[in-house]
Amino acid sequence: MIPIRLGNLSKHYGETKAVDAVDLTIPAGSLFFLLGSSGCGKTTILRMIAGFIEPTAGTIHLGEREVSSVRAEKRECGMVFQSYALWPHMTVAENVAFGLEVRKVSADDKRRRVGEALEMVRMSAYAQRKPVELSGGQQQRVALARAIVFRPKVLLLDEPLSNLDAKLRLQMRSEIKRICNSVGLTTVYVTHDQDEALSMADQMVVMDQGRIVQQGTPRDLYERPRTRFIADFLGETNLVEGVVTSVEGIGAVLQTSAGALRCADGRGAVLGSKRVVSIRNEAWSVCDKSTPGAFFAKCAGTVYLGATAQHLLEVGSMQLKVLEHNPRLSTREGQSLSICCASDQVIMLDDGA
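Now for a look at the structure at hand.

What follows deals with the nonpolar core. Of all hydrophobic cores here, the largest spans 45 residues; its most connected members are Leu155, Ile176 and Met204. Contact partners of Met204, with chain neighbours within four places excluded, come to Phe32, Phe33, Leu35, Ala197, Gln214, Gln215, Gly216, Thr217, Pro218, Leu221 and Leu234. Formed by 29 residues, the second largest nonpolar core is a distinct cluster that contains Ile26, Ala50, Ile53 and Ile60.

Next up, the structure:
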């Protein structure tokens, strides 16, 4: 297992900065996600690591080896493409063996390693089938087997589940995580799907306009976003503006149009400054009106989802989205109610109001 280090890595196309001076260390053996919307630079970074795109500036280290000018086939990176890129005229076993053929591996070793790779992805029974005879999920497993059979130092996955239906994507998430853990490779996974990143990643970065906006564990980024962009990009949230009226140790009180909000972590709040806080929809709960810090609200609409209900509440001059778990009523539309949230769920963002 080896780490990956990117130093001041950039890729420019004329005046367009597809990747803009990215510094990043990917720990050895981790399943690391590059997350962002289309055009943010994540796939360009992956392809520069693979050697398919030459950087405009910066360095790429695979372990201790600097590979920025090394040809792709010499970098020992296994790659799984979004389109799978299987040879249609070859059997599953022949597709998996292709990289070993190129590397002149002996027939006995090739047979053994292909068998091991197919067993790892649970495709041994399909070794003699052609790709056209396989489902999308099965083709994805074959592409994974082909990427790991020659024992690369790094595994690169470019939106590998985007062509699958929702149910199959869920199944393949756990399969990919299992395979990556079994092989023990440093894996870089590119996606725009937040659920994939949150459910699978050891660590992740969110990118925007060629730059890294925030890095951390999925829980770090979801529960402690630093900016409005991250808070709004990952899941759903309520962004509430107000003025800091009290600073108490590391905590603060924010006066909003609906009342006072207590923040357990004030993040450098200054008395009288305008700030924005993020409160996840699920952080709110319906409570008794006598609960300290409760907000009075009126329900403008409900979307009933069975296990949960999404309410749109009018609170002062604000509208808040509140997620109620195990709702006892299919709708609360027109009802008046009180809501509250814990102070550690009120996250003060670095960018001001």
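Here the narrative resumes.
Let's shift gears to unusual backbone geometry. In the Ramachandran plot, Arg122 falls in the positive-phi region, its phi being about 60° despite a non-glycine side chain. With respect to the secondary-structure elements, Arg122 resides in the loop between helix H3 (107-120) and helix H4 (136-148). For Glu159, which is not glycine, the phi torsion reads 45° and is therefore positive. Here Glu159 lies in the loop between strand S7 (154-158) and helix H5 (166-183). Since its relative accessible area comes to 11%, Glu159 is described here as buried.

Mapped onto the fold, Ser343 is located in the loop between strand S19 (336-340) and strand S20 (347-348). Judged by its relative accessible area of 27%, Ser343 is partly exposed. A sequence separation of 81 residues divides Ser343 from Arg262, and the C-alpha atoms of the two residues are 5.3 Å apart. Setting aside anything within four residues of it in sequence, one finds Ser343 in contact with Arg262, Cys263 and Ala264.

The next subject is the sheet that holds strand S9 (residues 203-208). Taken together, the 6 strands give an open sheet; going across it, the order is S6-S7-S8-S3-S9-S10, and neighbouring strands pair in mixed fashion. Either end of the sheet is taken by a strand with one partner, and the two such strands are strand S6 (77-80) and strand S10 (211-216). Pairwise comparison of adjacent strand axes, ignoring direction, gives a mean angle of 20° for this sheet. In the sheet, strand S3 (residues 31-35) pairs with S9 via 4 bridges, with the strands oriented parallel. Residue pairing in the sheet places Phe33 in a bridge with Met204 of S9. Helix H1 (residues 42-50) rests against S3, S6, S7, strand S8 (186-191) and S9 of the sheet, and its axis sits at about 145° to S7. Sitting on the sheet, H4 is in contact with S6 and S7, with an inclination near 170° to S6.

Parameters at a glance
- Residues numbered from 1 in each chain as written.
- Predicted model: local features only at pLDDT ≥ 70, side-chain atom pairs only at ≥ 80, totals over all residues.
- Heavy atoms only, no water.
- Core = buried A, V, L, I, M, F, W, Y, C linked by side-chain atoms within 4.5 Å.
- Buried < 20%, exposed > 50% of the residue type's maximum accessible area, 1.4 Å probe, protein only.
- Contact = heavy atoms within 4.5 Å.
- Helix = DSSP H or I, 4+ residues; strand = E, 2+ residues; numbered from the N terminus.
- Pairing = 2+ DSSP bridges.
- Axes fitted to C-alpha atoms, helices over the stretch in contact; angles between N-to-C directions.

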